[in-house]
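Analysis of the macromolecular model
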2 protein chains.
Amino acid sequence: MSAREKVLDAFEELLLNDGERGATLDAVAAQAAVSKGGVLYHFKNKDALVQGLTERLGDLTAVDTAAMIADPRGPSAYYVDTSVYDGSAIDRALIATARLAQEAHPVAREALAGTQRAWYELIEEEVGTRAVARAILLLGDGLYYNAVLTDEVANTQALGSGAADRAELLEVVAMLKDQAAARERAGGAGDPA
Amino acid sequence: MSAREKVLDAFEELLLNDGERGATLDAVAAQAAVSKGGVLYHFKNKDALVQGLTERLGDLTAVDTAAMIADPRGPSAYYVDTSVYDGSAIDRALIATARLAQEAHPVAREALAGTQRAWYELIEEEVGTRAVARAILLLGDGLYYNAVLTDEVANTQALGSGAADRAELLEVVAMLKDQAAARERAGGAGDPA
DNA sequence: GTCTATATGTTGATAGAC
DNA sequence: GTCTATCAACATATAGAC
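Residues numbered from 1 in each chain as written. Chains lettered and ligands numbered in written order. Predicted model: local features only at pLDDT ≥ 70, side-chain atom pairs only at ≥ 80, totals over all residues. Heavy atoms only, no water.

1. Some words on the environment of B:Ala89
Residue and element names in this part refer to chain B. Put simply, the test is: A run of H or I in DSSP becomes a helix once it reaches four residues, and a run of E becomes a strand once it reaches two; helices and strands are each numbered from the N terminus. Classification of residues uses two cut-offs on accessible area relative to the type maximum, computed with a 1.4 Å probe and protein chains only: under 20% is buried, over 50% is exposed, and between them is partly exposed.
Note on placement: Ala-89 falls in helix α6 (residues 89-102). Taking relative accessible area as the criterion, Ala-89 reaches 45% and is therefore assigned partly exposed. Sequence-wise, Ala-89 and Leu-60 are 29 residues apart; in three dimensions their C-alpha atoms are separated by 7.5 Å.

Written as C-alpha cells, this is what we have:
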C-alpha cells in the first residue's frame, strides 16, 4: 500500500475513534507509523488531508451508486440495507467525513451532500413519488442527522422543514402504524403485500 | 437570567455554529460577555461545562416525553413531527450534545442514549411491535446518525446490525413502497387507511 | 462574583539534515 | 521521501487582585 493511502487510512481511523479533535497531525503520524514531516510531505497541510478524504468518499460513492443500480431489489432496498453501519469502506469514509462536517469544514459538507444527492436521485427515480423518496431518504439518513450535518441548524427554513412537507412525512408514519396494526391482527410477520 | 445559564447558552450556541473545536473557553467567555475567569467560576473546568449541558438535555427530555405522552396523535406522530429541527430548546441541546458525542465525550454519549431510550420506550409501547418501533426510531433518528453518535462504529455487532434485524427493516421499506404504488394507482394523497 | 495575569501543554506548520 | 528540530499561535487551567 502506498504511504499516502496509509496516512489517509490513519486519518480516517482517528476520526472514527477519537473525533476530529483527536485526529491531530501528531496522532495521524503515530497511527500511520511515520513522522509528522512524513505526513506533511504527502499532504502539505491539514486541509489537504480533509480534501484527500472527501475525494476518497467521492470515489466510493461512485462505486456504491453503481451497486445500488445493479441490485435486483431496487435502490431503496439496497440503500436501507447498507445504511446499517458495518465498517465497509464507504461507511468509514462517510462517517469520518461526517465528523469533519460537524466541525464546519465546508469541503466535507459538500462531499456529504454530493453522496446524499446521488442516493436521492436513484430512490426518487425508483419510487416515483417525491414525498416517499424524500421520506425514505430522510427516515433512512435520519432527520436529526441532516440537521446536524447541514446548515439546517443555521437555516431553519431548509428543505423538509415546511408544514406541508412535515404532514407528508406524518402520513407515511401513519401508514406504518396502520400496517403494523393490521399485521398484529393477522398475527404474524408474513408478506405485507 | 442567571450568569450560569448565560454561559451555558453561549457554550450551546458555539457548539451549534462552530462545532466542538470552536467552543473554546475564550469563545464561550466572549459569547457570554464575561471573562474567562468568570466562566471558570461557574464551571470549574471544561468537563463541568459538558456536564451542565447534558443535565440541561436531561431536563428537556423529561419535558419532551411528557408532551409526547400528552399528544392525542400518539407518541410516534409527536416524535416524527418534532424530529424536524426547528430551533426549540431541546433541539438545540440535543444537537449541541451530539457535537460533543462526536468528539468522544462519554458523558454526552450517555445523555443522548438516555434521550433516545425515553423515546423508544414510548414508541414501542404505542405500536406494540418491536420491529416497527425500532424501525420508526431508527428511520427517524437515522441509521447513520446512530452509527455516528454511538459506539456502533467501534462495535459492529451493536443492535440493529444483525441480518434478521436488517430483514425486518427491509420489510418495512417494502411496505412503504407497496403503499406508495397503491396510492399512485388510486391517484391521490388520500387516507392510507 | 468577576476580572487580569500567568503557567503549561498542544497544535499546525516551516526549515533544513539525511 | 522521510526525519528532526524548532516556532508561533492557541487552549486549558491556576493564582490572586478587586
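2. Here we look at the packing of helix α1 (residues 3-22) of chain B against helix α2 (residues 25-32) of chain B
Residues and elements named next belong to chain B. Threshold: Note on definitions: angles span 0 to 180 degrees between N-to-C directions of axes, and those axes are lines fitted to C-alpha atoms, for helices only across the stretch in contact. An angle below 35 degrees is treated as roughly parallel, one above 145 as roughly antiparallel, one from 65 to 115 as roughly perpendicular, and anything else as oblique. The handedness criterion is simple: a crossing whose near helix is rotated anticlockwise from the far helix by less than a right angle is left-handed, and one whose near helix is rotated clockwise is right-handed. Two residues form a contact once any of their heavy atoms are found within 4.5 Å.
The contact between α1 and α2 brings their axes to 8 Å, and the two run at 130°. Between α1 and α2, the interaxial angle falls into the category oblique. Between α1 and α2 lies a crossing whose hand is right-handed. Contacts between α1 and α2 pair Lys-6, Val-7, Ala-10, Phe-11, Glu-13, Leu-14 and Gly-22 from the former with Ala-27, Val-28, Gln-31 and Ala-32 from the latter.

3. What about the confidence of the model for chain A?
Residue and element names in this part refer to chain A. Condition: Confidence of the prediction at every residue is given by pLDDT, a number between 0 and 100.
On average, residues of chain A carry a pLDDT of 80, and 71% of them reach 70 or more. For the stretch residues 146-161, pLDDT sits under 50, and the model shows 37 contacts to residues farther than four places along the chain or on other chains. Here residues 189-193 is a poorly scored stretch, pLDDT under 50, and it has eight contacts once near neighbours within four places are set aside; other chains count.

4. Concerning the protein's contact with DNA strand D
For clarity, the cut-off: Neighbouring residues are identified by heavy atoms, a residue being near a molecule or strand if any of them is within 4 Å of it. We call two N or O atoms a polar contact when they sit within 3.5 Å, provided that within protein one can donate a hydrogen and the other can accept it, with sequence-adjacent residues counted only if both atoms are side-chain atoms. As a working rule, the residues Ala, Val, Leu, Ile, Met, Phe, Trp, Tyr, Cys and Pro are called nonpolar, Asp, Glu, Lys and Arg charged, and the rest polar, with Gly in that last group.
In the vicinity of DNA strand D there are 15 residues, among which A:Ser35, A:His42, B:Leu25, B:Lys36 and B:Lys46 approach most closely. Counting only atoms of DNA strand D within 4 Å of the protein, the fraction found in sugar and phosphate groups is 61%. Contact between DNA strand D and A:His42: a phosphate oxygen at 2.6 Å from a side-chain N or O atom of the residue. At 3.4 Å, a side-chain N or O of B:Lys36 approaches a base nitrogen of DNA strand D. Those elements giving two or more residues to the surface near DNA strand D turn out to be α1 (3-22) and α3 (36-42) of chain A together with α2 and α3 (36-42) of chain B. Grouping the amino acids of the surface near DNA strand D by side-chain chemistry returns five nonpolar, six polar and four charged.

5. Some remarks on the protein's contact with DNA strand C
Around DNA strand C, a shell composed of 14 residues is seen, among which A:Leu25, A:Lys46, B:Ser35, B:Tyr41 and B:His42 lie nearest. Close to the protein, within 4 Å, the atoms of DNA strand C are drawn from sugar and phosphate at a rate of 63%. A distance of 2.9 Å separates a phosphate oxygen of DNA strand C from a polar backbone atom of A:Leu25. Contact distances for DNA strand C include 2.7 Å between a phosphate oxygen and a side-chain N or O atom of A:Lys46.

6. Here's the deal with the side chain of A:Thr61
Within the fold, A:Thr61 resides in helix α4 (residues 46-70). Excluding its chain neighbours within four sequence positions, the residues that come into contact with A:Thr61 are A:Ile90, A:Thr115 and A:Ala118.

7. Notes on the pattern of salt bridges
Residue and element names in this part refer to chain A. Stated precisely, the cut-off is as follows: The term salt bridge refers to a pairing of a side-chain nitrogen on Lys or Arg with a carboxyl oxygen on Asp or Glu at a separation within 4 Å.
Inspection of the entire model under this criterion finds 16 salt bridges over all chains. Between Arg-92 and Glu-12 there is a salt bridge, with the nearest N and O atoms lying 3.5 Å from each other. Of this pair, Arg-92 sits in helix α6 (residues 89-102) while Glu-12 sits in helix α1; the two residues are 80 residues apart in sequence, bridging distant segments of the chain. Judged by relative accessible area, which is 5%, Glu-12 ranks as buried. Close ionic contact of Lys-36 with Asp-26 constitutes a salt bridge, the shortest N to O distance being 3.4 Å. With a gap of 10 residues between them, Lys-36 in helix α3 and Asp-26 in helix α2 (residues 25-32) connect regions that are remote in the sequence. A relative accessible area of 38% places Lys-36 in the partly exposed class. What you see here is one network of salt bridges that share partners, running through Glu-5, Asp-9, Glu-12, Glu-13, Arg-56 and Arg-92.

8. Examining the packing of helix α4 (residues 46-70) of chain B against helix α7 (residues 106-127) of chain B
Residues and elements named next belong to chain B. Put simply, α4 and α7 touch, their axes get as near as 9 Å, and they point 5° apart. Classed by the angle they form, the pair α4 and α7 counts as roughly parallel. Across the interface between the two elements, Gln-51, Thr-54, Leu-57, Thr-61, Asp-64, Thr-65, Met-68 and Ile-69 from α4 touch Val-107, Ala-108, Ala-111, Leu-112, Thr-115, Ala-118, Trp-119, Leu-122 and Ile-123 from α7. Across the contact of α4 with α7, the residue classes break down as 11 nonpolar, five polar and one charged.

9. Quick word on the environment of A:Lys46
Within the element layout of this structure, A:Lys46 appears in helix α4. Between the C-alpha atoms of A:Lys46 and A:Ala113, which are 67 residues apart in sequence, the distance is 21 Å. A:Lys46 has contacts with A:Phe11, A:Glu20, A:Ala23, A:Thr24, A:Leu25 and B:Arg21, leaving out every residue within four places of it along the chain. Among the polar contacts made by the side chain of A:Lys46, one reaches the main-chain carbonyl oxygen of A:Ala23 at a distance of 3.0 Å.

10. Details of α2(A)
Residue and element names in this part refer to chain A. How we decide: The directions from the helix axis to the C-beta atoms are what the arc is built from.
The complete set of buried residues in α2 reads Val-28, Ala-29 and Ala-32. Taken around the axis of α2, the buried residues stretch over an arc of 100°, which confines them to a single face. The inward-facing, buried residues of α2 contact α1 and α3. Downstream of α2 by a residue or two, Ala-33 has a phi angle that is positive, lying close to 60°.

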